[in-house]
Each structure stands twice: as structure tokens, then as C-alpha cells.
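So you can see what is in the structure, the chains are spelled out below.
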Amino acid sequence: MSRRGVGAAFCFLSTFLYILPNLLAAIISSGSAFQTYTFLLDKNIVQQFTEITVITLIIGIIYLLWAEISEFRKKK
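Parameters and conventions
- Residues numbered from 1 in each chain as written.
- Predicted model: local features only at pLDDT ≥ 70, side-chain atom pairs only at ≥ 80, totals over all residues.
- Heavy atoms only, no water.
- Helix = DSSP H or I, 4+ residues; strand = E, 2+ residues; numbered from the N terminus.
- Buried < 20%, exposed > 50% of the residue type's maximum accessible area, 1.4 Å probe, protein only.
- Contact = heavy atoms within 4.5 Å.

K.L.:
Describe the side chain of Thr53, listing the residues and the values that go with them.
P.N.:
The topology assignment puts Thr53 in helix 3 (residues 45-75). Since its relative accessible area comes to 8%, Thr53 is described here as buried. Ignoring sequence-local partners within four residues, the contact set of Thr53 consists of Ser14, Leu17 and Tyr18.

Structure representation (C-alpha cells):
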């Protein structure tokens, strides 16, 4: 897989991880009380997803920049 493909995959993964806590909260709280969502917030599950999301986004951007810089150097 090329560096652009890996970078795009990491960016997609970070988008999915950004959406995931809200999606899980909607699924869990749709059939139960509001207390379930506050339980998730109390356990800092959302904070853990935020850290992983930022890390994967940074890795994806680094791979995309690496691909662009290497192609620019080949053309020169």
C-alpha cells in the first residue's frame, strides 16, 4: 500500500473514532435511561477515544505529507 493510501486510511480511522463514542451512546441510550450515557461519561470512555483519535489523525497527516514530499523530490 502506498503512503497516500496509508495516510488516507489513518484519516478515515480517526474520523470513525471521532464518531464512535456518540454513536455508541446513541445506541446504548436508545433503549434505556439517560443514566447509561452519564455512566459512559463518568468512566472517561469519551476522553480515551479523543486521545486515540488525535493520535491517528496526526499519523495520517504525517503519512500524507511524507508522500507529497517524496513525490515532489522525485519530480525535481
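K.L.:
Outline the environment of Leu13, supporting the account with residue identities and numerical values.
P.N.:
Here Leu13 is to be found in helix 1 (residues 3-30). Judged by relative accessible area, Leu13 falls into the partly exposed class, the value being 34%.

None of this, on its own, says anything about what the molecule does.
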